Amino acid sequence: MASQGLSVDGERQHGQDVRTANVTACVAISNIVKSSLGPVGLDKMLVDQVGDVTVTNDGATILKLLEVEHPAAKLLVELAEQQDEEVGDGTTSVVILAAELLRRANELVRSRIHPTTVIAGYRLAMREACKYIKSTLATPIDKLGREALVNAAKTSLSSKILGSAESDLFANIAVDAVMATKSSKKEDGEMYPLSSIHMLKAQGKSASESQIMQGYVLNAPRASQSMPTSVSPAKIALLGFDLRRAKMKMGVTVTLNNPEEINKIQEKEIDLTALRIQTVLNAGANVIFTTKGIDDSALKYFSGGNAIACRRVTMKDMRRIARATGATLQLNMADLNGDESFDPSMLGHAEEVYEDKIRDDTVMMIKGPKVQPINTVLLRGPNEMMCDEMQRSLIDATSVVKRMLDSNMVVAGGGAIEAAVSTHLENFATMLGSREQLAIAEFAEALLVIPKTLAVNAAKDATDLVAKLRAVHSLAQSDPTKISLSKCGLDLAEGAVRNNFNAGVIEPAVGKIKVIQFATEAALTVLRIDDLIKLNKKENTGEALE
Amino acid sequence: MQAPVLVLNEQTQRDTGRRAQLTNIAAAKAVSEIIRTTLGPRAMLKMILDASGGIVLTNDGNAILREIDVNHPAAKSIIELSKTQDEEVGDGTTSVSVLAGELLSLSEQFLERNIHPTVVVNGFFRALNDAVAIAEELSMQIDVNKPGELDKVVASCVGTKYVSRYGDLMVKIAIDAVNTVKVEDGDRITADFKNYAKVEKIPGGDLNESKVLSGVMFNKDVVSGTMRRRIENPRIILLDTPVQYQKGESQTNIELTKGEDFQRLMELEEEYVQKICEDILKFNPDVVISEKGISDLALHFFSKKNVSCIRRLRKTDNNRVARACGATIVSRTDELKESDVGTGAGLFEVSKIGDEYFTYVVDCKDAKACSIVLRGGSKDVLNEVERNLQDAMCVARNVVKKPTLVCGGGAIEMAISHALMEKSKSIEGVVQQPYQAVAQALEVIPRTLVENCGASVVRVMTALRAKHANGENTTFGVDGMKGEVVDMRTLGLFEPLEVKTQTIKTSVEAAAMLLRIDDVVSGITRKQDPASGPVQHDDDD
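Everything numeric in this text was worked out from a predicted model, so none of it was measured.

Draft legend 1. Just the sheet that holds strand 4 (residues 139-140) of chain A, in detail. Residues and elements named next belong to chain A. Pairing within the open sheet is antiparallel, and its 3 strands lie in the order 4-17-20. Two strands close off the open sheet at either side, each with one partner strand: strand 4 and strand 20 (506-508). For strand 4 and strand 17 (residues 409-412), the ladder comprises 2 bridges, and the chain directions are antiparallel. By the bridge assignment for strand 17, T139 is matched with V410.

Draft legend 2. Here's a closer look at the domain arrangement of chain B. Residue and element names in this part refer to chain B. Domain assignment breaks chain B into domain 1 (20-141 + 406-515), domain 2 (149-214 + 373-402) and domain 3 (216-249 + 258-366). Here the C-alpha centre of domain 3 lies 31 Å away from the C-alpha centre of domain 2. Contact residues are listed per partner, giving 12 residues for domain 2 and 13 residues for domain 3. Interface area, domain 2 with domain 3, both sides summed: about 1100 Å², of which 60% is carbon and sulfur.

Draft legend 3. Up close: the side chain of K160 of chain A. Tracing the sequence through the fold places K160 of chain A in the loop between helix 6 (145-158) and helix 7 (163-180). For K160 of chain A, a relative accessible area of 4% translates into the label buried. Residues contacting K160 of chain A, with those up to four places away along its chain left out, are N57, D58, D89, E389, S393 and D396 of chain A together with R516 of chain B.

Draft legend 4. View of the pairing of strand 19 (residues 404-407) of chain B. Residues and elements named next belong to chain B. By the alternation rule, side chains of strand 19 split into T404 and V406 and L405 and C407, which are all buried. Alignment of strand 19 against strand 22 (residues 494-496), held across 3 bridges, turns out to be antiparallel. Residue pairing in the sheet places L405 in a bridge with P496 of strand 22.

Draft legend 5. Up close: unusual backbone geometry. Residue S232 of chain A is joined to P233 of chain A through a cis peptide bond whose omega torsion reads -10°. Locating P233 of chain A in the fold gives a position in the loop between strand 8 (230-231) and strand 9 (234-239). Here the phi dihedral of R112 of chain A falls at roughly 65°; this positive angle occurs in a residue that is not glycine. Position of R112 of chain A relative to the elements: it lies in the loop between helix 4 (91-110) and helix 5 (115-137). A positive phi angle, near 55°, is found at D363 of chain B, a position not held by glycine. Structurally, D363 of chain B can be placed in the loop between strand 17 (356-362) and strand 18 (370-376).

Draft legend 6. Molecular detail of the environment of H198 of chain A. Residue and element names in this part refer to chain A. Looking at where H198 falls in the secondary structure, it is placed in strand 5 (residues 198-203). Between the alpha carbons of H198 and A429 there is a distance of 48 Å; along the sequence they are 231 residues apart. Of the polar contacts made by the side chain of H198, one reaches the backbone oxygen of V217; its length is 2.8 Å. At 3.0 Å, the side chain of H198 forms a polar contact with the side chain of R320.

Draft legend 7. Fine view of the pattern of salt bridges. Applying the stated criterion across every chain, the model contains 61 salt bridges over all chains. Residue D317 of chain B is joined to R320 of chain B by a salt bridge in which the shortest nitrogen-to-oxygen separation is 2.8 Å. Residue D317 of chain B and its partner R320 of chain B are located together in helix 11 (residues 315-325), separated by 3 residues, close to a single helical turn. The class of R320 of chain B is buried, set by a relative accessible area of 3%. Each of E100, R103, R104, E426, E442, E445 and R470 of chain A takes part in salt bridges that share partners, so that together they form one network.

Draft legend 8. Summary view of the interface of chain B and chain A. Listed per partner, the contact involves 85 residues of chain B and 91 residues of chain A. Scanning the region where chain B abuts chain A turns up 6 salt bridges. The shortest N-O distance in the salt bridge between K505 of chain B and E209 of chain A comes to 2.4 Å. Inspection of the chain B/chain A interface yields 21 residue pairs in polar contact (both at pLDDT 80 or more). At 9 residues, the largest contribution of residues to the side of chain B that touches chain A is made by helix 3 (residues 73-88) of chain B. For the side of chain B that touches chain A, the per-class residue count stands at 26 nonpolar, 28 polar and 31 charged. The sheet contact formed by strand 10 (residues 253-256) of chain A and strand 12 (residues 251-254) of chain B spans 4 bridges and is parallel.

Cut-offs and rules
Residues numbered from 1 in each chain as written. Chains lettered and ligands numbered in written order. Predicted model: local features only at pLDDT ≥ 70, side-chain atom pairs only at ≥ 80, totals over all residues. Heavy atoms only, no water. Pairing = 2+ DSSP bridges. Helix = DSSP H or I, 4+ residues; strand = E, 2+ residues; numbered from the N terminus. Domains from an automatic or database assignment. Contact = heavy atoms within 4.5 Å. Buried area = accessible area lost by both parts, 1.4 Å probe. Buried < 20%, exposed > 50% of the residue type's maximum accessible area, 1.4 Å probe, protein only. Polar contact = N/O pair within 3.5 Å; in protein donor to acceptor, adjacent residues only side chain to side chain. Salt bridge = Lys/Arg side-chain N within 4 Å of Asp/Glu carboxyl O. Nonpolar A, V, L, I, M, F, W, Y, C, P; charged D, E, K, R; others polar.

In C-alpha cells form, the structure reads like this:
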C-alpha cells in the first residue's frame, strides 16, 4: 500500500495514513484508561506472565504496566509518566485530553487545514487557557487553611479505592504526613520533601486502621536477642562502616617471619572492631544502626553495654533517621590525628527506641526524635495488592497536598475548570479572524471530554449534564454578577450541577495547568508526524539487539 | 483501507467490563468452595500432593490454599487473604475465604441489575463499620488469670481441628507454652512463641505423650560417647564461636626459614586451643555448647575435666537454651564472666528416642523459653498437629493480649447479621441492598457449620434465625457436632473478638477491591519467551 521502493530495508507509511494510525493508537490508549477517571471510576487488574497481580486506578501505573507497543502511543505513555513525576496526579486526565485533542486535530487536517495551522491554534489556545486559569479561575489558598488541604487530598483520593469509605481518614493522613516533612531551612520558603515520608505496608487489620504513627518505624530486628528491647532516652549513632572483624583489603598480604606474630594479627583483628564499638559506646550511644554488617562475636559488646544495634539498615532509612534525630552519619571513625574517635555531637537523640511487633514482623520504633518530628504512615489492608494500591493512592494525595502548599492556588474540580476554560476559549476563538479560530474552537470542545467522561463513568446522561454545565459557565462569564457560578462542576453522585468549590472538591491549580500543557504538547508532537519508517530487523543480529 | 492498528502487545489478553467482573467472582467462589468443607468441628481433612510428591494432610485453610496452585488473579487474591489472616491473628483462615466468596457471589446479582460497583462497595464499607461496632458491643471481657477461662477459648479453637480428640492435652500445651514465653513489659505484653517455643516432632509413640518441657530439648548428642549424659544442676556455658584454631580474616603468609619455626607454628595453634579451653574450664562448667565446631584437641581437654560438649547447635536453639537456663551466649572466651554461666537448669540429660539422641535441658527454675515435644503416628500427622497447635497458641496469645471474647459456633455472625438487617431499614437509596448483602453473607458461617455436620440446613437455619429474630438470644449458635441450635454459653464455645473482626474486615475489604475491577489485562511482559521477540513489531500496513 504505502510502501514504496525505498532504498532502505523497511516499510514506509506517510501522509494521512500515518496520522490516522497514530491518532487511532492514542485514542485506543485513552479508551483503556478512560473508565478509571473520576470518583466513580473503576480499577484495572493487571497480571504479568509470572502471575503477579497489580490492582490499580492510577493512570501512570496502568500505562507503565501495559507495555504499549505502538510508537505514537508510547509517546503518550511517556508524557503521562512525566506528568506523574512532575505533579504526581492527573495522569489519566492527560491521556484522555491528549487523545481527544488528537482526534479533533485529525478531523481538521482531513478537512484540508494544514497541520501547522492546527498546531499554532492549539498553542495559542493552551497559552490562553493557562493564563485564564491563573488570572481568573484560581483562588489563593492563604485564606483556606488546613481544610482546603484536606479537601484537595480527598478529591485526589476520591477516585481511588480509599475514597469510597475512608477518604476522611486518609486525606488527614496525607496532610499530616506532608506537614510533618516541612523544613524551612532555606530562606526563600518552606520545603516539603515528599521523599522523607515513610510508608510501611503491613497486611492485616482493616484499611480503616491505617494510621500515621508518631515516630519512625524501622523495619529491622535487633541484631541479637540478648540486647535490651528498649532504651530511653536513646542516643543514636548512625554508622556507615563494617563492624565485622577488621580485615585487610583484597590483595593485601601480610608476610611474617616470626610465627609468634600470627596470633597478634588475629587478636588485633578482633580488638580493632571491639575498640571501635567501645569508642562508639563510650561516646554515650545506646542505639547503633549500621548500613553494613556486625559480627556475631561483636554483638556481645552491645548487649554488655545495654545498647541496641541493628545491622544492614538501608541508606534511605539512615538519612531519614539522621534528619529526624539530628544524628550525623559516620562513614569512618578516623580523625585528624590519625586515631579513631567518635564525637558525641554526632549522636542523634530520641526519647525512646524500642522493639515492637507489627503483625509477625519485628520492627524498631524510634519515638520522640529531638530535632524534627517524624511520622510513619502505616498502611493496613487485606492483601498485598490492596496495600500496594493504597500506597500509590496516598502518594498521589501527598503530592497534591504538596502542590497546594507550593503554589498556593486552587481551582474547583469535578469538570468545573475544564468547562470554564472551554467556554472562555470559545469566546476567545470568535475574536480571532484567522484560520486558527477553528483549531481553538476544537480545543475548547476537546476540554469538555473530561466532564463528559466523568458523567459517563457515573452512568449519568453525559449530553444533558454537560449541556447544563456549559450553560452555567457561559452565564458566569457573560454576567459579572454571577461570577461565583464559574466554580460549578458536576456532582456525580446526584447527577447534577453544583458549586464544587463550596462542596470541597478542589485541586491545585498547578496540576490542572500542567495537565493542559502536557496534553497539548503530547498532541502536537504526534500531530507533527507525517512519515513513519520502520526498518526490518536484521535476521542474524536481531536478537542481540533486542 | 487501513489495516488495524495494534497498540498493545498481541499476547496480552484483556477481559473488560461485565465479563471481567463475573470471571473474578467465579474464580473467588471456586476457591472458597474448595475449603468450605473444612469449617467446624465436623470438618474433613484435605490431602494435597505437592509437585515434589510430598503429602500435606490438613484442614487448616491457609495450609490448603498455600499448596494449591491457582492461575486466576482473583483467586490468588482470595488465597492471600488466608495468609494475611494467618499472620495477623493465626486462626479463622477458612472463615475468611468462605466469607469473601459468599460476599462476592451475593454481589453478582447487583452487577446483573446494573448497580454501579462503587455503590456496592460503598454499601459494603458502611456495613463493615457497623458490623465491627456491633461485634464489639456483643463482646465480653474475661479474666485470663482465672483458671479455666482461657482453656475454654482455646478449646473451642482446637475443637474444629484434627487434634480435637486430644483437645484437653492440646489446650494445656498451648496455654503452658504461651504462659512460659509471655513477657510483660509495662503495658506491652509480648508472647513470642515463634522464637522461644519450639515444636519438636518425633514420630512414634502416642499423641498422649506430647508435652511442654520446662526447658528445652534439641536433636543433638554429646560429642563423644564417654562424656556424661546425665548431669543434675549443670553449669552450662554457651558459645557462638568455634573451639578450635581459627585463621585470621586478613590474608597472611608466613615465610619460615628454620625447621624450629614450623614446629613453633604448630605449637602455637595448640596453645591457642589450650588457652581457650583453660579460659572456659576456669569456670568449672559441666556442659559446654557451641554453635560452631569443637576440635578434637579441645574435646580432649574437656573430657579430662569431665565436661560434656555439644557442637554445631543452631543459633535459634542456642538462644532458647540461653533463655531457659539463664546463660549468656559468649563469643570471646577471655571475656567470660561468672554471670554468663547458666545455672538455672535442673537437669541435663541425653536420651535416645527411636534411633536418635535428644538432649534435654529441663527443670529450669525460671524458663523463658520452652520446647514442645509432639509424638504421634507419622510425620504427616505430626505436621498437621503442629499446625493445629500453632493456631491454638495464636488464639491463646490473642486472648492473653486482649481478653475480649465473642460467642463461637456462628452465634456472633448470626447476631451481627440480624443487627445489620435491622439497621439497613433506616438506610435510604440503592446502598441499602449491598448493605443487606453483607448481613446475608455472614449467615454463611452457621450455614456451612450445619452443612458440614449433615443436619438439615433449612430447618436449623430457620430455627437459628427465629432465635435471633427479636435481637435477643445473641449467644445462640450452631452446635457443629450435633447440628442443633444451642446457647453457646452453655456449650462454652468462645472465640477471640480480634479473630472475628479481622475475618470480617479482611473479607469485606477484599471483596470490595475485586468488585471495583472492570478490566483484567494478563500476559504482560514476555521476558522469558524469546520466541516471541522478533514478532513483536506490529504490521501497520
